[in-house]
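# Chains, contacts and geometry: an overview
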Amino acid sequence: MTNSKNALALAALLFAAPFGARADIKIKLGTLAPVGSTWDQLLHEMGEKWSEASGGKVKLKIYAGGVFGNEGDMVRKMNVNQLQAGSLTTIGLHEITPEPQAVDVPMMVDSVEEYDFIQAKLQPDLEASLAAKGYVAIQWGEVGFARFFSTKPYKTPGEMAAGKIFTWEGDPSVAEAWKSIGFTPVVISSTDIVPSLQTGMINILTDPPLYVLGTGLYEKAKYMLNLNWGYLTGATVVRKDAWEKIDAETRTKLLAIATEYGQKTSAAVRTMNDDALKQMKDKGLTVVEPANRQEWVDAAHKAYKVIRGKVVPAEIFDRVKALHEEFQAAHAAK
């Protein structure tokens, strides 16, 4: 009888251990956002709110500053479950599916109001494209208008053609798009930008001011062309299988918190990009005015022949272009 009781007790422990292990869910999230930056701080706040809302059962561990490599590296680690989530720009999202990058097409979005209009129309379809690849978009965010930062002053596309522009690795079509303008792309990891600027391997990059300030890149690339090249956006995504380990009621709470913090991040970024530019100017950044804005528009349009169909699917490129034209027409009429 004693042996039977012992066997039952042992069986209970064996079955209880896995159950207890499943009670706490740890989600490891990677991001290039600099440690201590606005994005990093708000992600940590979101994690604390998640812990509270789940009664401590869901724990979000954030790895900022690219400790898991560049965004392509992070996606590859998510694909094999070394990471379960990533806060990525559309460059990284492109490693999962290309549709979200359509919003970031150069010289397509002229204002944050236009971005809001286009994003609201596209978001359900973008989320569906990510879901089809096994990922759940829990929040959308933005980094802001990308500008050209360089080690020399460039006012025209022709002048910039003499330089060497940083190009994200992972999609050869992006390099082809730069070449179609006449630029010289240099494909390297985003984590190698600083040493590449130091050695002269690259001397041009495109990023929003807040990111350039946070990473200190302006100390090497001391000139900025005063031109909104493209609106860099992104999303926080979670592996679907990891997300669905959380019970449905708790998922609803966590999604609401993530959405709220996505909105907070966007609002903060819009204000802080202007402040970042002011800070960099105070520290020696020189702002260069384009000689002729239309030349840059024409240059971007040359790249569309490559971007449409190669960087992003033609169907969604055409939809973004139509929404751009709809927004422009509506506001021109006012």
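Read on for a plain summary of the structure. (Residues numbered from 1 in each chain as written. Predicted model: local features only at pLDDT ≥ 70, side-chain atom pairs only at ≥ 80, totals over all residues. Heavy atoms only, no water.)

Moving on, we come to the packing of helix α12 (residues 293-311) against helix α13 (residues 314-332). Two elements in contact, α12 and α13, have axes separated by 6 Å at closest approach and are oriented at 125°. As summarised for this structure, α12 and α13 are arranged oblique, according to the angle between their axes. Where α12 approaches α13, its residues Tyr304, Ile307, Arg308 and Gly309 are matched on the opposing element by Ala314, Phe317 and Asp318. (Axes fitted to C-alpha atoms, helices over the stretch in contact; angles between N-to-C directions. Helix = DSSP H or I, 4+ residues; strand = E, 2+ residues; numbered from the N terminus. Parallel < 35°, antiparallel > 145°, perpendicular 65-115°, else oblique. Contact = heavy atoms within 4.5 Å.)

Turning our attention to the packing of helix α5 (residues 112-131) against α13. Between α5 and α13, whose axes approach to 10 Å, the crossing angle comes to 145°. Handedness of the crossing formed by α5 with α13: right-handed. Along its contact with α5, which presents Glu113, Glu114, Phe117, Ile118, Lys121, Leu122, Asp125 and Leu126, the element α13 presents Ile316, Arg319, Val320, Leu323, His324, Glu326, Phe327 and Gln328. For the contact of α5 with α13, the residue count by class is eight nonpolar, two polar and six charged. (Left-handed = near helix turned anticlockwise from the far one by under 90°. Nonpolar A, V, L, I, M, F, W, Y, C, P; charged D, E, K, R; others polar.)

Structurally, the position occupied by Met46 is in helix α2 (residues 38-53). With a relative accessible area of 1%, Met46 lands in the buried category. Once the C-alpha coordinates of Met46 and Gly262 are considered, the two residues, 216 residues apart in sequence, prove to be 9.4 Å apart. Once residues lying within four places of it in the same chain are set aside, the contact partners of Met46 are Leu60, Ile138, Gln139, Ile257, Ala258 and Tyr261. (Buried < 20%, exposed > 50% of the residue type's maximum accessible area, 1.4 Å probe, protein only.)

Our focus in this paragraph is the nonpolar core. In this structure, Phe148, Leu205, Trp229, Val237 and Ile307 are the most contacted members of the largest nonpolar core, which totals 80 residues. Looking at this core element by element, the count peaks at nine residues for α12. Once residues within four sequence positions are removed from consideration, Ile307 is found in contact with Val105, Pro106, Ala177, Val312 and Phe317. Counting 21 residues, the second-largest nonpolar core is a separate cluster that includes Leu29, Trp50, Val238 and Ile257. (Core = buried A, V, L, I, M, F, W, Y, C linked by side-chain atoms within 4.5 Å.)

Attention now moves to the packing of aromatic side chains. Per the stated rule, a full pass over the model turns up 15 aromatic pairs. With a centroid separation of 5.0 Å and an interplanar angle of 55°, the aromatic rings of Phe148 and Trp229 are classed as tilted. Pair noted here: Phe148 is in strand β4 (residues 135-150) and Trp229 is in strand β8 (residues 223-239), with a separation of 81 residues, a long-range link. Given the relative accessible area of 6%, Trp229 is considered buried. A connected cluster of aromatic rings, assembled from ring pairs, spans Phe148, Trp178, Phe183, Trp229 and Trp296. Over the ring of Tyr63 we find Lys61, and its NZ or CZ is 5.7 Å from the ring centre. Directly above the aromatic system of Tyr261 lies the positively charged group of Lys264, at a separation of 4.4 Å from the ring centroid. (Phe/Tyr/Trp six-rings, centres within 6.5 Å; stacked < 30°, edge-to-face > 60°. Lys NZ or Arg CZ within 6 Å of the ring centre and 35° of its normal.)

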